[in-house]
Amino acid sequence: MSIANMSSKVIEVATQAYQDQKPGTSGLRKKVKTFQQLNYTENFIQAILESISKPKLIIVGGDGRFYSEEAIRKIISICAANGVERLVVAKDGILSTPAVSDLVRTLKADAAIVLTASHNPGGEDHDFGIKVNTANGGPAPESVTDKIYKISCQLKSYKTLLKRPQVDLSKIYKFFVYDLEVEIVDPVEGYLNLMRDVFDFDMIKNLFKKGDFKMLADPMNGVLGPYARRILIDELGAQEGSVINSVPLPDFGGKHPDPNLTYAAELVDKLKANDEINFGVAFDGDGDRNMILGQRGFFVSPGDSLAVVAANLTCVKRFKENGIKGYARSFPTAPAVDRVAEKLGHKCYVTPTGWKYFGNLMDANLISLCGEESFGTGSDHIREKDGLFACFAWMSIMAQTEKTVKELLFDHWKEYGRDYFCRYDFEDCDGGSCQSMMMYLEKTLCESRVLVGKKFGNKYEVKETGNFQYTDPVDRSVTTKQGLFVNFTNGARIIFRLSGTGSSGATVRLYVSDYSKENLQEESRVYLKELLDIAYTISKLPEYTGRNEPTVIT
Ligand code: G16
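Every value quoted in this text rests on a predicted model; they were computed, and no experiment measured them.

Trainee: Help me understand the overall build of the protein, please; the structure alone is not making it clear to me.
Mentor: The secondary structure content of the protein amounts to 19 helices and 27 strands. A compact globule built from 554 residues would reach a C-alpha radius of gyration of about 24 Å, and the protein, at 23 Å, matches this within 12%. Taken along its principal axes, the extent of the C-alpha atoms in the protein is 75 × 60 × 40 Å. Taking the contacts inside the protein whose residues are at least 6 apart along the sequence as the reference set, 71% of them involve residues at least 24 apart. When the accessible surface of the protein is totalled, it reaches about 21100 Å², and 47% of it is carbon and sulfur. Each charge class in the protein was averaged separately, 68 positive and 72 negative side chains, and the resulting centres sit 3 Å apart.

Below, the structure written as structure tokens:
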């Protein structure tokens, strides 16, 4: 063990509190330049440390985006000065969000500080983020993030070391900074062991052994490159070349590391151009999101992916051995998984958007699997969504059923019917105009409720309108205003939300879904066209935002 800077002195630096450090759906996400302002990062770290009572062990890592190393060095000094006993830091600062969750749980850490803005672009002119995970390995709940925010608004000083230690993050070793023990660890090893526990690797290997199974994974130059190469190619036997964009880059190579049809177009095009590839999967910057594709780029919507995995969950070793407790989905996610839960006799919980809401349900042993429309799937093996978990779950299901992605989907729809789903994102709109639109909708859908009973064409009659409210079944905490909704008598729905993960302007999310038992093979956007038009009319979205077309369609 080497010793560094034992002689450095703790100092208290006077600072000006910032009033904009309120974490959103998942952490504080802002432009890099915002974090580079005088003491901005330092203040937020100090606020985090003050919000946790006497943290002994903290995990630090992230997606390796621009400004990560600088932030890690600040974190080390501030933790040392605040009396933290031990920091476990990922080599080069690269640690996927699911691996963070696993490390917190295995090492029984008090918290993690995760340096990521997830699927948002990186680089000097783009986004950075700091997220806190609590001792259960999941994103901090609102009670904690509210506390951090409150402290940050009143902060007068932060503690740090007089001399910033020179720390080499590129090798695996241990050292002391002041009284703080810092250990730099391999990011992949622990997570690989976890995956070996959750999945039957031999079963997955058989897919490749037959010789006709080819896949392509796209980590989009985010954190999962080393994980995907190590596990898919070295461990499971995927062909060399099965992982593209596999080097984590501070600016993601200029990519927008968001695994959807718009931003992961390279993967979609590669599958369309090569019939021999049976399976495609893309991940986001920090490795917790996934997009599943079949042959020729056949797209599996996240709600369907969750439902298929739910219906076939016993193909996964962990659940074959331990059974299934229940399921959960976020409110805007199409209710396909509800139908599986009903048929299999399990409960399906419906939570607000944000993975943090699933943690309580898992800790109370109420659910095994959960997911969101925003390309998130996960299970109770950790407390974060997990891109590679989704990938291996699909591969296990394909291995056991000997069906292709498309066959699995079509068979699922034949059995359960199909929940058509579309999400329209209107990114970077004017914040004020979006707030006005939401206020208008709040009046129409929650106060006057004038639309109830109104008919639109032959198919749609409004049954109820409102704003989604959630009472946590475990701690009874209440979360309000989680999505303005219009429910129709035939089960169709429209939901409006403002995203909580953007770093500038406002993003309107419009979600529509409708169900059919007979009509299974339409294009979602065609099937939902009438409903989308109704959503535009009800919200006056084009008038408020000045947009007629979304930026991203899912
Ligand atoms: C985060 C949350 C997810 C949420 C997503 C989108 O994911 O953990 O639960 O669905 O943001 O949120 P919003 O609709 O508010 O933008 P990630 O992958 O960005 O950390």
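Picking up after the structure, the text goes on.
Trainee: Sorry, what's going on with the sheet that holds strand S11 (residues 215–218) here?
Mentor: Across a sheet, strands are paired by hydrogen bonds formed along the backbone, either parallel or antiparallel in direction. Judged by pairing direction, the sheet is mixed, and its four strands sit side by side in the order S11-S12-S13-S14 without closing on themselves. If you trace the sheet from one side to the other, it starts and ends with S11 and strand S14 (299–300), each paired once. Across five bridges, the pairing between strand S12 (residues 279–283) and strand S13 (residues 290–294) is antiparallel. Bridging across to S13, Ala 282 finds its partner in Met 291.

Trainee: Honestly, helix H6 (residues 189–198) in this entry has me stumped. Any pointers?
Mentor: Within H6, burial applies to Tyr 191, Leu 192, Leu 194, Met 195 and Val 198. Buried residues of H6 fall within an arc of 160 degrees about the axis and therefore sit on the same side. On the buried face of H6, the contacting elements are helix H4 (97–107), helix H7 (201–209), helix H8 (225–235), helix H11 (317–322) and helix H14 (387–401).

Trainee: Quick question: what am I supposed to make of the sheet that holds strand S25 (residues 493–498) here?
Mentor: Pairing within the open sheet is antiparallel, and its seven strands lie in the order S20-S21-S24-S25-S26-S19-S27. Pairing within the sheet leaves two strands with one partner each, and these edge strands are strand S20 (455–456) and strand S27 (552–553). Across four bridges, the pairing between strand S24 (residues 484–488) and S25 is antiparallel. Looking at the pairing, Asn 487 lines up with Arg 493 of S25.

Trainee: What is the right way to look at the pattern of salt bridges in this model?
Mentor: Any two side chains of opposite charge can pair, on the condition that their charged atoms come close. What the rule picks out here adds up to 36 salt bridges. Two residues, Glu 69 and Arg 73, come together in a salt bridge whose shortest N-O distance is 3.1 Å. Separated by four residues within a single helix, Glu 69 and Arg 73 lie in helix H3 (residues 68–81), roughly one turn from each other. Looking at Glu 69, the relative accessible area reads 35%, which means it is partly exposed. For Glu 384, the salt bridge identified is with Lys 131, shortest N-O distance 2.9 Å.

Trainee: Sorry, what's going on with the environment of Val 526 here?
Mentor: Within the secondary structure layout, Val 526 lies in helix H17 (residues 524–527). Using a relative accessible area of 53% as the deciding quantity, one classes Val 526 as exposed. When the C-alpha positions of Val 526 and Tyr 420 are compared, they lie 9.9 Å apart, and in sequence the two are 106 residues distant.

Trainee: I'm lost on the site of the ligand in this one. Help?
Mentor: Near the ligand lie 19 residues; those nearest to it are Thr 25, Glu 372, Ser 499, Thr 501 and Arg 509. At 2.8 Å, a side-chain N or O of Arg 29 approaches an oxygen atom of the ligand. Take Ser 374: an N or O atom from its side chain is 2.7 Å from an oxygen atom of the ligand. If the ligand stood free it would expose 460 Å²; the protein chains cover 99% of that surface. Across the shell around the ligand, the residue classes tally to one nonpolar, ten polar and eight charged.

Trainee: Is there a simple way to think about the packing of aromatic side chains in this case?
Mentor: Aromatic ring pairs are described here by two measures, namely the spacing of the ring centres and the angle between the planes. Evaluated as defined, the whole model comprises 23 aromatic pairs. Between Phe 331 and Phe 485, the aromatic rings sit 5.9 Å apart at their centres with planes inclined by 75 degrees, giving edge-to-face as the arrangement. Remark: Phe 485 occurs in strand S24 and Phe 331 occurs in the loop between strand S15 (327–330) and helix H12 (336–344); sequence separation between them is 154 residues. Phe 485 gets classed as buried once you look at its relative accessible area, which sits at 12%. Within the aromatic cluster, the residues linked to one another by ring pairs are Tyr 18, Phe 35, Tyr 40, Tyr 67 and Phe 128. Lying across the ring of Tyr 515, Arg 339 places its NZ or CZ 3.6 Å from the centre. A cation over a ring is seen here: Lys 454 above Phe 456, with NZ or CZ 5.2 Å from the ring centre.

Analysis parameters
Residues numbered from 1 in each chain as written. Predicted model: local features only at pLDDT ≥ 70, side-chain atom pairs only at ≥ 80, totals over all residues. Heavy atoms only, no water. Helix = DSSP H or I, 4+ residues; strand = E, 2+ residues; numbered from the N terminus. Rg over C-alpha atoms; globule rule 2.2 N^0.38 Å. Contact = heavy atoms within 4.5 Å. Areas by Shrake-Rupley, 256 points an atom, 1.4 Å probe, with all protein chains shown as cover. Lys, Arg positive; Asp, Glu negative; His and termini not counted. Charge placed at Lys NZ, Arg CZ, Asp CG, Glu CD. Pairing = 2+ DSSP bridges. Buried < 20%, exposed > 50% of the residue type's maximum accessible area, 1.4 Å probe, protein only. Arc of directions from axis to C-beta. Salt bridge = Lys/Arg side-chain N within 4 Å of Asp/Glu carboxyl O. Near = heavy atom within 4 Å. Polar contact = N/O pair within 3.5 Å; in protein donor to acceptor, adjacent residues only side chain to side chain. Nonpolar A, V, L, I, M, F, W, Y, C, P; charged D, E, K, R; others polar. Phe/Tyr/Trp six-rings, centres within 6.5 Å; stacked < 30°, edge-to-face > 60°. Lys NZ or Arg CZ within 6 Å of the ring centre and 35° of its normal.

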